[in-house]
Amino acid sequence: PVYLDNHSTTRTDPRVVAAMLPYFSEIYGNAASVSHRFGWEAAEAVERARTRVAEWIGADSKEIVFTSGATEANNLAIKGALPALKRRGDHLITAASEHKSVVDVMKRLGREGWNVTFVPCDETGRVSAEAIEAALTPATVLVSIMAANNEVGTLNPIREIGRLCHDRKIVFHTDATQAVGKVDVDVQVDGVDLLSLSGHKIYGPKGVGALYVRRRDPQVRLQPLFDGGGHERGLRSGTLPVPLIVGLDKAVELMICDKAEDSTRIRGLRDRLEAGIRGRVPEVQLNGHPTLRLDGNLNLSFAFVDGEALMMAMRDVAVSSGAACTSVEPEPSHVLRAMGRDDEAARASLRFGVGRFNTEDEIDYAIDLVAESVGRLRTHSAAWSA
Ligand code: PMP
């Protein structure tokens with residue numbers, strides 16, 4: 001089978017695995033143990049990682065909090081920021097096209113009495129700075145907008161939105177899980193106060209991520225999600241997963257080294273995939289922005305095809321479908337809906353995510369399978385024959 005689901009998760013790079021291994025069985029100390037070498041060496045590795053992640057996004061190492069991933073980072077950013085902001089106002093802004101780990105946090109806050117505006121995205125999935133500006137009220141205290149969408153790959157104008165917020169002293173959080181390492185992200189230039197990222201989207205291990213928290217800013221004073229030993233400057237108690245953090249460090253190092261080469265190659269493969277499918281399959285619609293999009297992303301809707309049947313037919317190529325984004329929630333994708341796609345188009349969509357380890361042969365195999373599957377399914381479609 002061919003793996004083309006790199007927005008969902010990526011294979012851990014073998015170089016990352018190699019870097020992690022000694023931290024399981026040789027350098028296994030607790031990074032919080034200050035009295036012996038086992039602890040010091042673990043702590044040193046953690047601080048090296050912290051510095052690397054910070055420099056990568058234009059931050060200071062004291063501004064990085066390690067978490068279990070982006071879901072936790074998003075929860076900590078938004079829920080953590082609100083107690084300090086409550087006096088100033090009760091209005092929050094996000095977008096309908098955000099990841100569930102932002103959308104559902106915001107929905108909960110809405111039930112708890114916060115006033116939440118979900119701004120619409122346009123038909124390409126993009127959230128404009130104008131839409132954010134139009135939603136602002138004097139009570140707005142926090143805006144959360146993702147840097148790149150995980151389903152359609154569309155890039156948002158983070159810098160414009162960040163500056164808009166910065167000028168008004170509104171806290172700006174961005175979920176940059178899909179964007180970091182692929183597009184330039186700099187928390188200073190972009191005016192970002194809180195930024196979430198995750199290891200397993202960048203060829204690092206699952207179960208580790210980070211939150212950037214702007215320092216020396218009275219607006220940005222986070223409360224932790226849980227209490228305990230006071231690790232991570234009191235913001236994230238719990239023994240640090242040193243091997244995972246070392247893995248994140250290595251993954252970031254590789255993202256930096258390989259960026260230009262990966263980007264060109266991945267984009268080339270993605271374009272080959274799109275051209276190949278379009279050359280053989282009529283009535284295909286692109287979901288996402290034609291140019292302002294992640295290199296590896298291709299999200300297509302196939303008219304006159306049943307989404308579930310298409311997904312079944314694609315079993316030898318791992319992709320995601322707008323039909324059943326997660327097995328626990330077999331609803332058509334909320335992102336495609338927010339972009340104005342009807343339920344049928346949303347269901348009959350496939351998300352391809354090309355990554356570092358894909359080859360031309362794999363792309364060609366995927367093109368063949370899509371063309372054959374869609375062709376066969378359409379012969380069963382009355383509407384297609386009509
Ligand atoms: N945000 C975005 C944009 C994502 O794509 C994902 C992963 N699907 C997450 C958040 C959640 O990340 P994690 O798996 O690290 O919790």
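Conventions we followed
Residues numbered from 1 in each chain as written. Predicted model: local features only at pLDDT ≥ 70, side-chain atom pairs only at ≥ 80, totals over all residues. Heavy atoms only, no water. Core = buried A, V, L, I, M, F, W, Y, C linked by side-chain atoms within 4.5 Å. Buried < 20%, exposed > 50% of the residue type's maximum accessible area, 1.4 Å probe, protein only. Helix = DSSP H or I, 4+ residues; strand = E, 2+ residues; numbered from the N terminus. Contact = heavy atoms within 4.5 Å. Expected span 1.5 Å × (residues − 1). Polar contact = N/O pair within 3.5 Å; in protein donor to acceptor, adjacent residues only side chain to side chain. Arc of directions from axis to C-beta. Patch = residues over 30% accessible without salt bridge, like charges linked within 9 Å, V, L, I, M, F, W, Y side chains within 5 Å. Areas by Shrake-Rupley, 256 points an atom, 1.4 Å probe, with all protein chains shown as cover. Salt bridge = Lys/Arg side-chain N within 4 Å of Asp/Glu carboxyl O. Lys, Arg positive; Asp, Glu negative; His and termini not counted. Charge placed at Lys NZ, Arg CZ, Asp CG, Glu CD. Axes fitted to C-alpha atoms, helices over the stretch in contact; angles between N-to-C directions. Parallel < 35°, antiparallel > 145°, perpendicular 65-115°, else oblique. Left-handed = near helix turned anticlockwise from the far one by under 90°. Near = heavy atom within 4 Å. Nonpolar A, V, L, I, M, F, W, Y, C, P; charged D, E, K, R; others polar. Pairing = 2+ DSSP bridges.

A. A look at the nonpolar core. If you look at the biggest cluster of nonpolar residues, it comprises 92 residues, and the most contacted ones within it are F66, L195, F302 and F352. Here the element with the most residues in this core is helix α8 (residues 242-280); it accounts for 12 residues. Setting aside residues up to four positions removed in sequence, F352 forms contacts with L4, H7, L273, I277, G296, N297, L298, L300, M314, V319 and V370.

B. Structural detail: the environment of S8. Counting through the fold element by element, S8 comes out in the loop between β1 (2-3) and α1 (14-20). For S8, a relative accessible area of 31% translates into the label partly exposed. Considered as a pair, S8 and F352 are 344 residues apart in the sequence and their alpha carbons are 9.9 Å apart. Apart from the residues lying within four places of it in its own chain, the contact partners of S8 are Y3, H200, K201 and R351.

C. Quick look at helix α5 (residues 100-111). Helix length check: α5, at 12 residues, gives a terminal C-alpha distance of 16 Å against a target of 16 Å (1.5 Å per residue), a fit within 8%. Restricting attention to buried positions, one finds in α5 the residues S101, V102, V103, V105, M106 and L109. Buried residues belonging to α5 abut α4 (70-85), β3 (91-95), β4 (115-119), β5 (140-144), β6 (171-175) and α10 (334-338). Downstream of α5 by one or two residues, G113 has phi in the positive range, about 110°.

D. A look at the environment of V187. Structurally, the position occupied by V187 is in the loop between β6 and β7 (194-198). Along the chain, V187 and A54 lie 133 residues apart, while their C-alpha atoms are 9.6 Å from each other. Residues in contact with V187, not counting those within four places in the same chain, are I57, G58, A59, V192, L195, Y212 and R214.

E. How the structure looks around the side chain of R293. Here R293 is to be found in the loop between β9 (284-286) and β10 (297-302). What makes R293 buried here is its relative accessible area of 4%. In this structure the side chain of R293 is engaged in a polar contact, spanning 3.0 Å, whose partner is the backbone oxygen of H289. Once residues within four sequence positions are removed from consideration, R293 is found in contact with V152, G153, T154, L155, R267, R270, E274, L286, G288 and L298.

F. Fine view of helix α7 (residues 158-167). Taken together, the buried positions of α7 are occupied by I158, I161, G162, L164 and C165. Here the buried residues of α7 occupy an arc of 160° about the axis, which is enough to place them on one side. Check the buried side of α7 and you find it contacts α6 (129-135), β5 and β6. In the segment just after α7, K169 is the residue with positive phi, at about 55°.

G. How the structure looks around a negative patch on the surface. Together, D306, E308, D342 and E344 make up a region of like negative charge exposed at the surface. You can see D306 is positioned in the loop between β10 and α9 (307-313).

H. Expanded view of the packing of α4 against α5. Two elements in contact, α4 and α5, have axes whose closest approach is 9 Å; the angle formed by their N-to-C orientations is 30°. The angle between α4 and α5 falls in the class roughly parallel. For the element pair α4 and α5, the recorded crossing hand is right-handed. Note on element contacts: α5 touches α4 through S101, V102, V105, M106, R108 and L109, opposite T71, N74, N75, I78, K79 and L82.

I. The site of the ligand, seen in detail. Taken together, 14 residues lie near the ligand, and T71, D175, Q178, S198 and K201 sit nearest. Contact between the ligand and T71: an oxygen atom at 2.6 Å from a side-chain N or O atom of the residue. Take H99: an N or O atom from its side chain is 3.3 Å from a nitrogen atom of the ligand. When residues of the shell around the ligand are assigned to their parent elements, the largest contribution, three residues, is made by α4. For the shell around the ligand, a count of residues per class yields two nonpolar, 10 polar and two charged.

J. Representation of the pairing of β10 in the model. In terms of burial, β10 is a largely internal element, six of the six residues being buried. As judged from the five bridges shared by β10 and strand β13 (residues 349-353), these two strands associate in the antiparallel manner. In the strand pairing of β13, L300 is matched with L350.

K. Structural detail: the packing of helix α3 (residues 37-56) against α8. Their axes nearest at 9 Å, the elements α3 and α8 cross at an angle of 35°. Two packed elements cross with a definite hand, and for α3 against α8 that hand is left-handed. Only V242, I245, V246, L248, D249, V252, E253, M255 and I256 of α8 make contact with α3, whose side of the interface consists of A42, A45, V46, R48, A49, R52, V53 and W56. Residue composition of the contact of α3 with α8, grouped by class: 13 nonpolar, no polar and four charged.

L. Layout of a nonpolar patch on the surface. There is a patch of nonpolar side chains on the surface, built from V17, L21 and F24 and spanning about 280 Å² of accessible area. Examined against the element boundaries, V17 turns out to sit in helix α1. V17 gets classed as partly exposed once you look at its relative accessible area, which sits at 35%.

M. Summary view of the sheet that holds β9. In spatial order, the strands read β9-β10-β13-β12; together these four strands make up an open sheet with antiparallel pairing. What marks the edges here is a single partner per strand, and that holds for β9 and β12 (320-321). Judged from the two bridges that link them, β12 and β13 form a sheet pairing that is antiparallel. Across the sheet, residue S320 finds its bridge partner in β13, namely R351. Here α8 sits on the sheet and contacts β9, β10 and β13; the angle it forms with β10, its principal contact strand, is near 15°.

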